[in-house]
Amino acid sequence: MTNTNNIVNSKSILKDNFGRDHAYLRISLIERCNLRCSYCMPAEGVKLSPKSHLMTSDEIYNIAKTFVKHGVKKIRLTGGEPLIRKDIPVILEKLATLNVTLSITSNAVIIDKHIAILKQNNVNKINISLDSLDRKKFKEITLRDQFDKVYSNLLLLVEEDFEVKVNVVLMKGFNDNEIINFINLTKDLPISIRFIEFMPFDGNKWDKNKMVSYKEIMACVNSTYKTNEVIRLTDAKNDTTKNYKIKGYKGSFGVISSVTNPFCDSCNRLRLTANGKIKNCLFSASESDLLTTLREGKSIEPVIKKAVEAKFKVRGGMDTLEKLQEPKLHNQNRSMITIGG
Ligand code: SF4
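Residues numbered from 1 in each chain as written. Predicted model: local features only at pLDDT ≥ 70, side-chain atom pairs only at ≥ 80, totals over all residues. Heavy atoms only, no water.

## Focus: empty space enclosed by the protein
Inclusion rule: For each structure, a 1 Å grid was placed over the protein atoms alone; sets of points admitting a 1.4 Å probe that cannot get out are labelled cavities, open sets with protein on both sides within 12 Å along at least five of seven lines are labelled pockets, and lining residues have an atom within 4 Å of a point. Grid points are joined across faces, edges and corners, and a volume is the space filled by probe spheres set on the points. Amino acids outside the nonpolar list (Ala, Val, Leu, Ile, Met, Phe, Trp, Tyr, Cys, Pro) and the charged list (Asp, Glu, Lys, Arg) are all regarded as polar, and Gly is one of them.
In total, this model carries one cavity of 30 Å³ or more according to the counting rule given. Taken as a whole, the largest cavity spans an internal volume of roughly 30 Å³. Every residue along the wall of the largest cavity is listed here: Leu35, Cys37, Asn107, Ser129, Leu130, Asp131, Phe138 and Thr142. For the lining of the largest cavity, the class distribution of residues is four nonpolar, three polar and one charged.

## A closer look at the site of the ligand
Applied cut-off: Distances are taken per atom, and a residue is near a molecule or strand as soon as one of its heavy atoms is within 4 Å of it.
Close to the ligand lie Phe263, Cys264, Cys267, Arg269, Arg271, Cys281, Leu282, Phe283, Lys311 and Arg315, which account for all nearby residues. Class assignment for the residues of the shell around the ligand results in six nonpolar, no polar and four charged.

## Let's talk about the packing of helix α2 (residues 57-69) against helix α3 (residues 88-95)
As a reminder of what qualifies: Interaxial angles span 0 to 180 degrees and are taken between N-to-C directions of axes, which are lines fitted to C-alpha atoms, for helices over the stretch in contact. Numbering of helices and strands starts at the N terminus; helices are DSSP runs of H or I of at least 4 residues and strands are runs of E of at least 2. Angles are sorted into four bins: roughly parallel if under 35 degrees, roughly antiparallel if over 145, roughly perpendicular if 65 to 115, and oblique for all others. Working rule for handedness: look at the near helix, and if it is turned counterclockwise from the far one by less than a right angle, call the crossing left-handed; if clockwise, right-handed. A contact between two residues is defined here by any heavy atoms of the two lying within 4.5 Å.
The interhelical angle for the contact between α2 and α3, taken along N-to-C directions, is 25°, at an axis separation of 9 Å. The angle between α2 and α3 falls in the class roughly parallel. Crossing angle aside, the handedness with which α2 passes α3 is right-handed. Contacts between α2 and α3 involve Ser57, Asp58, Ile60, Tyr61 and Ala64 from the former and Val90, Ile91, Lys94 and Leu95 from the latter.

## With respect to the side chain of asparagine 121
Threshold: A simple rule labels every residue: compare its accessible area, found with a 1.4 Å probe on the protein chains alone, to the largest value its type can have, and call it buried under 20%, exposed over 50%, or partly exposed in between.
The topology assignment puts asparagine 121 in the loop between α4 (115-120) and β4 (125-129). Classification of asparagine 121 by relative accessible area gives buried; the value is 8%. For asparagine 121, the residues in contact, after removing those within four places along its chain, are Leu92, Glu93, Ala96 and Leu102.

## So, the sheet that holds strand β11 (residues 277-279)
Sheet strands pair by backbone hydrogen bonding; their relative direction is either parallel or antiparallel. Note the cut-off: Note on pairing: DSSP must find at least two bridges between two strands before they are called paired.
Sheet architecture is open: 12 strands sit in the order β7-β8-β9-β6-β5-β4-β3-β2-β1-β10-β11-β12, paired in mixed fashion. Single-partner strands in this sheet number two, and they are β7 (230-232) and β12 (288-289). Relative to strand β9 (residues 252-256), strand β6 (residues 192-197) runs parallel, the two being bridged by five bridges. Of the residues in β9, the one forming a bridge with isoleucine 193 is phenylalanine 253.

So, in structure tokens, the structure goes:
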């Protein structure tokens, strides 16, 4: 067993070689989902990990507790779809005992059934994925006819005073003509719409020409609203989003521009996959096995430290657009469904 005192007294195990402190852990609870979004789930599906290779609720809690001990302040639960995990109430109750802000990212199809358990465990920040306000297009991209359910659950979350952000992955020729419709939702709804530049992951047939860039999104906004109506908001520290609001609107909108305008300088995020691997970056192909180490009764701290120290400055080493466009590079990574965004 390594002497944890040495680790505790030296540089934080969550600080990388670029001085970035990683106080935000995203935990993927499950590799399965009740939707089939084409930019996330490869058309041919994904090879699921055997159940015995997935973290139990106790293992999730123990690993999370170690991260919190070293400085994690925020934990976001993701998937696949985290709410389809049967023991989600147990996981929430356990994690709620830690000194962190708990939040969740969901496709909102069944979130109406979990309002009480989310509130009981102080999960107030909810990000939902909704890529179209058109029922037909929703079905086209998710392969499920669940638009009405998701939209009514969005309204329910607002009614229940949750802090709601809506993630919209924009793709040319599919939903880029809905940018203004989404922004106009924020006229009366106190929600935050986040337009996400389409990113390359294993199996999502990424093509840069399908991506709608930050520049193109803002060109659309500025050609629709008067200049003095579009207000640039101050982004929070470590924010992934460039935030704006339309004057007089209750909500806001923003752009997550990982492809054309990465924000890696202020990155504070680490990821834990459902099968217990730590990923030091969304785009990193490398990952380290915490779960096996834990099951062998060894300390996971040295593994975390090594993974954080191995972190690249930008996008898992794909620091140029040319590298990011290189399938040989970006296909080494997992598919989005087994990372959890
Ligand atoms: S691409 Fe990687 S380093 Fe950059 S912000 Fe995302 S997770 Fe952080």
